[in-house]
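# Fold and contact review
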Amino acid sequence: MNELPQQLVNGLLLGSMYGLVAIGYTMVYGIVQLINFAHGEIFMTGAFGALTVWLWLPGGTTMWVALPLMIIGAVVVAVAIAVGAERFAYRPLRNAPRLAPLITAIGLSLALQQAVWAWYPEAKSARTFPQISGGPFEIGSVTIQTGDIFLVVAAPISMAVLAYFVMKTRTGRGMQATAQDPDTAKLMGVNTDRIIVIAFALGAAFAAVGAVAYGLKYGEINFRMGFILGLKAFTAAVLGGIGNIYGAMIGGVVLGVAETLATAYIADIPGMDKFGSQSWADVWAFVLLILVLLFRPQGLLGERVADRA
């Protein structure tokens, strides 16, 4: 029990990162009813965009100067790829059977992995990500690593900006209208094509912020990093209620805390020692998803979008 506050903080930080990526899944699904399974790879390309900026900077540049530029680089790369994917891969299939864009998303995911591997052949194993010096920081019995400080600041700011954008701006209200009924929104003068592009771009931007947080947290990135994390972010979106922006972040936090507590305490149960290892963390995450789908299939907060089936 003495470790519980530390484990809760660890889970909160991990879940915040899942939530940042999950926002992209839930925004796109809420507007065009599409599960963008390439979103995990868009997250991955954001990490390599940040690394590329770091490598281009002059030697001796401090992280406090480099970090804002790395965030910009990550966002630019991720948004460019997401907008390009929407325009050339998904838009032509918007009225096609749902299986077609799903297969396209899987193919795009593999293509992005191989493209990054070709650009960074050494990423086949892992590339070292620059770190912020200093720390760790002690707050009572809780230790926060230096790499997590960025996540502590970025996650709440990102959610506050998104909430303001969706609720207070004209474009945000257009997104809500398009999510509820795209045909009626179009008749009311909403440019639904533009709204869809903005949804892809916003989701990619949040994924890019999450990618920088991932690199700072774990100290390395690789071209396969988006696969498992993308699945977990999708799980977080489903847990919160896919189509619900706030549910995506809440689902991410629930998933992160559950995963952290499971790996910390399952091993203490007699006969369960091998099931508490870190290698089982992914298993417990999907066990939680199965339970939620069995007992509350609409997610913790339920869907905010209308069923257009």
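For clarity, every value in this text was computed on a predicted model and none was experimentally measured.

### A look at the overall build of the chain
Check the secondary structure of the chain and you find 11 helices and 4 strands. For 309 residues, the compact-globule estimate of 2.2 N^0.38 gives 19 Å, and the C-alpha radius of gyration of the chain, at 19 Å, lies within 12% of that figure. Residues classed as buried in the chain amount to 50% of the 309 residues present. Within the chain, contacts between residues at least 6 apart in sequence are counted, and of these 76% link residues at least 24 apart. For the chain, the computed accessible surface area is about 14,600 Å², with 67% contributed by carbon and sulfur atoms. Put simply, the chain has 18 plus and 16 minus side-chain charges, and the middle of one group is 11 Å from the middle of the other.

### With respect to the environment of L57
Inspection of the secondary structure assignment puts L57 in the loop between α2 (39-56) and α3 (63-90). If near-sequence neighbours (up to four positions away) are discounted, L57 is found in contact with A66 and L69.

### Notes on a positive patch on the surface
A cluster of basic side chains, namely K168, R170, R173 and R194, defines a positive patch on the protein surface. Here R170 lies in helix α6 (residues 170-180).

### Brief notes about a nonpolar patch on the surface
A grouping of F137, I149, V152, V153, I157 and V161 is seen on the molecular surface, where their side chains present a nonpolar patch of about 490 Å² in accessible area. If one sorts the elements of the nonpolar patch by residue count, helix α5 (residues 146-168) sits on top with 5 residues. For V153, a relative accessible area of 45% gives the class partly exposed.

### Comments concerning the packing of α5 against helix α8 (residues 192-218)
The contact between α5 and α8 brings their axes to 8 Å, and the two run at 165°. Accordingly, the angle class assigned to the pair α5 and α8 is roughly antiparallel. For the pair α5 and α8, the crossing hand works out as left-handed. Residues G147, D148, F150, L151, A154, S158, L162 and F165 of α5 form the contact with α8, whose participating residues are I198, L202, F206, V209, V212, A213, L216 and K217. Of the residues that constitute the contact of α5 with α8, the class distribution is 12 nonpolar, 2 polar and 2 charged.

### Side note on helix α10 (residues 245-265)
Along its 21 residues, α10 runs 31 Å from first to last C-alpha, staying within 8% of the 30 Å computed at 1.5 Å per residue. Capping the start of α10 is the job of one residue whose side-chain oxygen sits 3.1 Å from the backbone nitrogen of Y246: N244.

### Here's the deal with the nonpolar core
Judged by nonpolar contacts, the single largest core of 85 residues is most densely connected at I23, F43, Y90, F150, L216 and I221. The element that contributes the greatest number of residues to this core is α8, accounting for 15 residues.

### Topic: the side chain of T260
Looking at where T260 falls in the secondary structure, it is placed in helix α10. Not counting residues up to four positions away in its chain, the partners in contact with T260 are Q7, N10, G11 and L14.

### Looking at the pattern of salt bridges
In the structure shown here, the tally under the stated rule is 5 salt bridges. E86 serves as the salt-bridge partner of R94, at 2.7 Å between the closest nitrogen and oxygen. Among the charged side chains, a salt-bridge network with shared partners connects E86, R91, R94 and D193.

### Comments concerning the packing of aromatic side chains
For the structure on display, the rule yields 6 aromatic pairs. Note on F48 and Y120: the rings are 5.2 Å apart at their centroids and 40° apart in plane angle, and the pair reads as tilted. Of the two residues, F48 sits in helix α2 while Y120 sits in the loop between α4 (99-119) and β1 (127-128), which places them 72 residues apart along the sequence. Residue classification places F48 among the buried positions, given a relative accessible area of 3%. We classify Y120 as buried; its relative accessible area is 8%.

### Digging into the confidence of the model for the chain
Of all residues in the chain, 92% have pLDDT values of 70 or greater, and the mean over the chain is 87. Within the model, the stretch residues 304-309 combines pLDDT values under 50 with 15 contacts to residues more than four positions away or in other chains.

The rules behind each value
- Residue numbers run consecutively from 1 along every chain, following the written order of its sequence.
- Local features are withheld for residues below a pLDDT of 70 in this predicted model, meaning they are given only at 70 or higher, and side-chain atom pairs are given and counted only at 80 or more; totals for whole chains, interfaces and linings count all residues.
- The basis for the side-chain values is all heavy atoms of the structure; hydrogens and waters are excluded.
- Secondary structure elements are defined from DSSP: runs of H or I of at least 4 residues count as helices, runs of E of at least 2 residues count as strands, and each element is numbered from the N terminus.
- What the globule rule says is 2.2 Å times the number of residues to the power 0.38, and the radius of gyration is computed from C-alpha atoms.
- Exposure categories follow from relative accessible area, calculated using a 1.4 Å probe and restricted to protein chains: below 20% of the type maximum is buried, above 50% is exposed, and the middle band is partly exposed.
- Contacts were defined at the residue level, with two residues in contact if any of their heavy atoms lie within 4.5 Å.
- Only the protein chains shown count as covering a residue, and every accessible area follows the Shrake-Rupley method with a 1.4 Å probe.
- His is not counted, nor are the chain ends, whereas Lys and Arg count as positive and Asp and Glu as negative.
- Positions of charges follow a simple convention, taking NZ of Lys, CZ of Arg, CG of Asp or CD of Glu.
- Residues qualify for a patch when their relative accessible area is over 30% and they have no salt bridge, like charges being joined within 9 Å and the nonpolar side chains of Val, Leu, Ile, Met, Phe, Trp and Tyr within 5 Å.
- Between Lys or Arg on one side and Asp or Glu on the other, a salt bridge is scored when a side-chain nitrogen of the former is within 4 Å of a carboxyl oxygen of the latter.
- Axis angles are defined between N-to-C directions and span 0 to 180 degrees, where every axis is a line fitted to C-alpha atoms and, for a helix, only to the segment in contact.
- Roughly parallel refers to an angle under 35 degrees, roughly antiparallel to one over 145, roughly perpendicular to one between 65 and 115, and oblique to any angle outside these ranges.
- If you view the pair so one helix is near and one far, a crossing is left-handed when the near helix is turned anticlockwise from the far one by less than a right angle, and right-handed when it is turned clockwise.
- Residue polarity follows a fixed list, in which Ala, Val, Leu, Ile, Met, Phe, Trp, Tyr, Cys and Pro are nonpolar, Asp, Glu, Lys and Arg are charged, and the others, Gly among them, are polar.
- Expected helix span is taken as 1.5 Å per residue step, with the number of steps being one fewer than the number of residues.
- Contacts described as polar in this section are N or O atom pairs within 3.5 Å, which, within protein, must combine one atom able to donate a hydrogen with one able to accept it, while residues neighboring in sequence count only if both atoms come from side chains.
- The set of buried Ala, Val, Leu, Ile, Met, Phe, Trp, Tyr and Cys residues whose side-chain atoms join them within 4.5 Å is what this entry labels a nonpolar core.
- The aromatic pairing rule takes the rings of Phe, Tyr and Trp, using the six-membered ring of Trp, and pairs them if the centres are within 6.5 Å, calling planes under 30 degrees apart stacked, those over 60 edge-to-face and the rest tilted.
- On a range of 0 to 100, pLDDT expresses the predictor's confidence in each residue.

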